[in-house]
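Here is how the chains run, residue by residue.
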Amino acid sequence: MNLLKDPITDQDFLLGLIPQKHPFVMVDKLFYFSPEKIVSGFNITKENLFTSNEMFKEPGLIENMAQTVALHTGYHYFLKSQDAPMGYIGAIAKVEIDSLPCLGQELRTTVHILHDIMGVTLVESQIECEGALIATGKMKTVLANR
């Protein structure tokens, strides 16, 4: 069940939910949130650190997955009226990138929470661009200040 009535696009609000700051922000919309799933959006601009030759490169896709996990954590804590704890990537596994998106395209990243135990979260991510699946991966994140 989506706990959002409408997508969230307020950049100041979204920046308050993740630890990253400009120019290292790789999420700019929150489309869907539930305890088990989140869907974020991201428009690729030429100013982005991972854009080169009008293409969004592989490290940017992986960082987009990680920041979508951070957005899930941040929004979950926001709903509880608590500050989100800092976290970090513990492991990245089975990343497959089939194609790179271009400048001006929008990513839609879906993260499914597989396990969340004692501050360690295992997720499965997929990134779509213009309706096509372009990347998948699994990631483990760890909360740092519990």
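Residues numbered from 1 in each chain as written. Predicted model: local features only at pLDDT ≥ 70, side-chain atom pairs only at ≥ 80, totals over all residues. Heavy atoms only, no water.

Let's talk about the sheet that holds strand β8 (residues 132-143)
Okay, so step 1: Across the sheet, six strands lie side by side as β1-β2-β6-β7-β8-β5; this open sheet has antiparallel pairing. Either end of the sheet is taken by a strand with one partner, and the two such strands are β1 (29-34) and β5 (87-97). Across the sheet, the mean angle separating the axes of adjacent strands is 20° when strand polarity is ignored.
Okay, so step 2: Note that β5 and β8 share eight bridges and pair antiparallel. Residue pairing in the sheet places I92 in a bridge with M139 of β8.
Okay, so step 3: Across the sheet, helix α2 (residues 58-79) touches β1, β2 (37-43), β5, β6 (106-117), β7 (120-129) and β8, and the angle it forms with β8 is around 55°. (Pairing = 2+ DSSP bridges. Helix = DSSP H or I, 4+ residues; strand = E, 2+ residues; numbered from the N terminus. Axes fitted to C-alpha atoms, helices over the stretch in contact; angles between N-to-C directions. Contact = heavy atoms within 4.5 Å.)

Considering the confidence of the model for the protein
Okay, so step 1: Confidence in the prediction of the protein, expressed as mean pLDDT, is 94, and 99% of residues score 70 or more.
Okay, so step 2: When pLDDT is averaged over each element of the protein, β2 comes out on top at 98 and β5 at the bottom at 93. (pLDDT = per-residue confidence, 0-100.)

A short note on the environment of E106
Okay, so step 1: Its location among the elements puts E106 in strand β6.
Okay, so step 2: The exposure class of E106 is partly exposed, given its relative accessible area of 28%.
Okay, so step 3: Remark: the alpha-carbon pair of E106 and G131, spanning 25 residues in sequence, is separated by 9.9 Å.
Okay, so step 4: With near-sequence residues (within four places) excluded, E106 lies in contact with K29, F31, F42, N43, E128, C129 and E130. (Buried < 20%, exposed > 50% of the residue type's maximum accessible area, 1.4 Å probe, protein only.)

Focus: the packing of aromatic side chains
Okay, so step 1: Scanning the entire structure with this criterion turns up six aromatic pairs.
Okay, so step 2: Aromatic pair F13 and F78: ring centres 4.9 Å apart, planes at 85°, arrangement edge-to-face. With F13 in helix α1 (residues 11-15) and F78 in helix α2, this pair connects stretches of sequence that are 65 residues apart.
Okay, so step 3: Looking at F13, the relative accessible area reads 25%, which means it is partly exposed.
Okay, so step 4: A residue is classified by how much of its surface remains accessible, and F78, at 40% relative accessible area, is partly exposed.
Okay, so step 5: Aromatic side chains F42 and F56 sit 5.8 Å apart centroid to centroid with 50° between the ring planes, which places their arrangement in the tilted category. In this pair, F42 is assigned in strand β2 and F56 in strand β4 (residues 55-56), connecting sequence segments 14 residues apart.
Okay, so step 6: Given the relative accessible area of 5%, F42 is considered buried.
Okay, so step 7: Accessibility expressed as a relative area gives 0% for F56, which makes it buried. (Phe/Tyr/Trp six-rings, centres within 6.5 Å; stacked < 30°, edge-to-face > 60°.)

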